[in-house]
Structures are given as structure tokens and as C-alpha cells.
Amino acid sequence: EEVSDFSMENKETSLNIVLLLDTSPSTEVKIKELKNYAVKLVENFEPQDKIMLAEFNQELKIKTPFTNDKNTVITNIKKTKFDNGTSLYEAVEQIFDEGINNSQARTAIILISDGVDTTSRKSDYARSLEKVEKYEIPFFVVYVNTFTDQQTIASNKQEYQIGLDYLTDLTSLSGGRAVLLKDLGNDQNVVLPKFAQELRSKYYLKFTTSAIGESGKRKQIKVRVNRPDLLLIAKGSYISN
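Here's a quick rundown of the structure. (Residues numbered from 1 in each chain as written. Predicted model: local features only at pLDDT ≥ 70, side-chain atom pairs only at ≥ 80, totals over all residues. Heavy atoms only, no water.)

Topic: the sheet that holds strand E3 (residues 50–56)
Sheet strands pair by backbone hydrogen bonding; their relative direction is either parallel or antiparallel. Strand order in the open sheet made by the 6 strands is E4-E3-E2-E5-E6-E7, with mixed pairing throughout. In this open sheet, the two strands that pair with only one neighbour each are strand E4 (60–67) and strand E7 (177–180). Put simply, the sheet's adjacent strands are angled 15° from each other on average, direction ignored. Where E3 and E4 come together, 5 bridges link them in antiparallel fashion. Bridging across to E4, Glu55 finds its partner in Lys61. Across the sheet, helix H1 (residues 31–44) lies against strand E2 (15–22), E3, strand E5 (106–113), strand E6 (139–143) and E7, angled at about 175° from E2, the strand it touches most. (Pairing = 2+ DSSP bridges. Helix = DSSP H or I, 4+ residues; strand = E, 2+ residues; numbered from the N terminus. Axes fitted to C-alpha atoms, helices over the stretch in contact; angles between N-to-C directions. Contact = heavy atoms within 4.5 Å.)

Some words on the environment of Tyr89
Looking at the element boundaries, Tyr89 is found in helix H3 (residues 88–94). Judged by relative accessible area, Tyr89 falls into the buried class, the value being 10%. Along the chain, Tyr89 and Leu129 lie 40 residues apart, while their C-alpha atoms are 8.3 Å from each other. For Tyr89, the residues in contact, after removing those within four places along its chain, are Asp117, Ser120, Ser123, Asp124, Tyr125, Ser128, Ile162 and Tyr166. (Buried < 20%, exposed > 50% of the residue type's maximum accessible area, 1.4 Å probe, protein only.)

So, the packing of H1 against helix H2 (residues 70–78)
Two numbers describe a pair of packed helices, the interaxial angle and the distance between the axes. Orientation of H1 relative to H2, taken along the N-to-C sense of each, is 175°, at an axis distance of 10 Å. With respect to H2, the element H1 is oriented roughly antiparallel. Residues Lys35, Ala38, Val39, Val42, Glu43 and Asn44 of H1 lie in contact with H2, whose contacting residues are Lys70, Val73, Ile74, Ile77 and Lys78. Class assignment for the residues of the contact of H1 with H2 results in 6 nonpolar, 1 polar and 4 charged. (Parallel < 35°, antiparallel > 145°, perpendicular 65-115°, else oblique. Nonpolar A, V, L, I, M, F, W, Y, C, P; charged D, E, K, R; others polar.)

Observations regarding the packing of aromatic side chains
Aromatic rings considered in pairs are described by the distance between their centres and by the relative angle of their planes. Evaluation of the coordinates by the stated rule reveals 5 aromatic pairs. Considering the side-chain rings of Phe96 and Tyr135, the 4.3 Å spacing of their centres and the 15° angle between planes classify their relative orientation as stacked. A residue pair is termed long-range when its members are at least 10 positions apart, and Phe96 in the loop between H3 and E5 and Tyr135 in the loop between helix H4 (125–134) and E6 qualify at 39 residues. With respect to class, Phe96 is no different from Tyr135; both count as buried. The exposure class assigned to Phe96 is buried, which follows from its relative accessible area of 5%. (Phe/Tyr/Trp six-rings, centres within 6.5 Å; stacked < 30°, edge-to-face > 60°.)

Some thoughts on the pairing of E6
The element E6 is extensively covered by neighbouring structure, given that 5 of its 5 residues are classed as buried. Bridge count between E5 and E6: 5 bridges; the pairing is parallel. Counterpart to Ile109 in the pairing with E6 is Phe139. Two elements, E6 and E7, share 4 bridges in a ladder whose sense is parallel. What sits directly across from Phe140, in E7, is Arg177.

Regarding the environment of Lys81
Summarising the element assignment, Lys81 is placed in the loop between H2 and H3. Taking the C-alpha atoms as reference, Lys81 lies 9.9 Å from Asn57; in sequence the two are 24 residues apart.

Side note on the pattern of salt bridges
Tallied over the full model, the rule gives 2 salt bridges. For Arg127, the salt bridge is made with Glu93, and the minimal N-O distance between the two is 3.0 Å. Residue Arg127 is located in helix H4, and its partner Glu93 is located in helix H3; the two are separated by 34 residues in the primary sequence. Overall, Arg127 belongs to the partly exposed group, its relative accessible area being 43%. Between Lys131 and Asp97 there is a salt bridge, with the nearest N and O atoms lying 3.1 Å from each other. (Salt bridge = Lys/Arg side-chain N within 4 Å of Asp/Glu carboxyl O.)

Right, dumping it as C-alpha cells:
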């Protein structure tokens, strides 16, 4: 392999942020923390940044199209209501159909969820991740640990482990990362600036390879840096053309 280009985007570029909220029954027990955190996220972005607010339970709903009117987004966050079902896999796949990849602005999706899916029928774990991998849009996951608030039975434990595995794969394949909402406590403002900072520090690494493979196959990739105390977020694989 040979590196053919290494460049950085302009830090002044505006951001398009999709704020995707899990409004299923399992996250209702964390409704106060979830809404407060979402509001703090919105307040943290720059005036020129645009935010789309979406929520999902049994189906995906766009509550606010892309706008830089933070007050409108915050008002709709506070109006969020929880409903039956959890179609996370469908929501992840369908969100790409909402025109989020048609803008020149840098785009990212912030998902607040426990990762549990119970009602997806038109998508599944693997299919949703295949679509994620085809786009250059990172998922930043805020993991809401609701397992301790549910009845601790074997089926629940398995569901939550699958959910955590899914969110881990989601961030790895998209080039994003995750934080734990339960660990933030009253110091949420400490972690919030990192989202915007990381999104405004995006580098592009292009390389050529002599490896021959079938089109549409997943190829693993690993990026290393020789610099201490540096947080590196990169996609762990790509789909060959």
C-alpha cells in the first residue's frame, strides 16, 4: 500500500448534525437525563452549525429538519414523548434516506440509545451496518445504560449485550466513538466540547493498494500514529469497489 494523499478539512467548515433520540420504552426511565443531555449538545454547537432532530421508537420520525435555530430544536427536544417499540436497525438505515449526505457540510450523527432493538422488520443488525459502512458519516453514540432499571432476567441480559455489541460495531464501522451517559453525572459540560472539536479536526488519508479482491467485499484497515496522548478515531474497514 502507498499513501497518495493526506489532507485536513477547513476547521471553519459548518457542521450538519443529526441528533437521533431513542424514544422507546426502555429509555423512558432515563427521560430526564436523556433530554437534558440532548439540550446541552445542541447548545454546544456553533451558530452556523445546522441540526436535524429525529427520534425513533417503532418508527423513525423527523421532528426538525436541518436548521441553525437552536431554540426550535431545544423546544422539540423538550416535547419528546416516548412510544412503543424499538426499531433501531430500521432507524439507522432509514436516516440516510433523509438527504443527510447531499450537503457539502461535514455531517455526523449523534445517537442517544441503549442499543436494544425489538421491532425492526425491514432491517437487521448486519444489514443496517452494511449501509453505515458505505457512507462517510460517523456515528457518535451516547450509550444510555438502562439495563439496571429493567428486570434482571436472562433474556434481558442477552438483549442488552447484543445492543452494546451493535453500538460498538456502529462506531467502529462509521469512524465514530461512544461515551457513557451514566458516567457523566453533573459534569456533562466536560465531555460535550469534544464532539464538536473532533468533528472539526477531520483528516483524509488516501492510499492505493495492489491487493485484488471482489467488488463489494469488506476490507480491514488500521491507522496508527506515533504521537502520545492523541485520540485517533478512524474507520476500521471499507467496502472495495
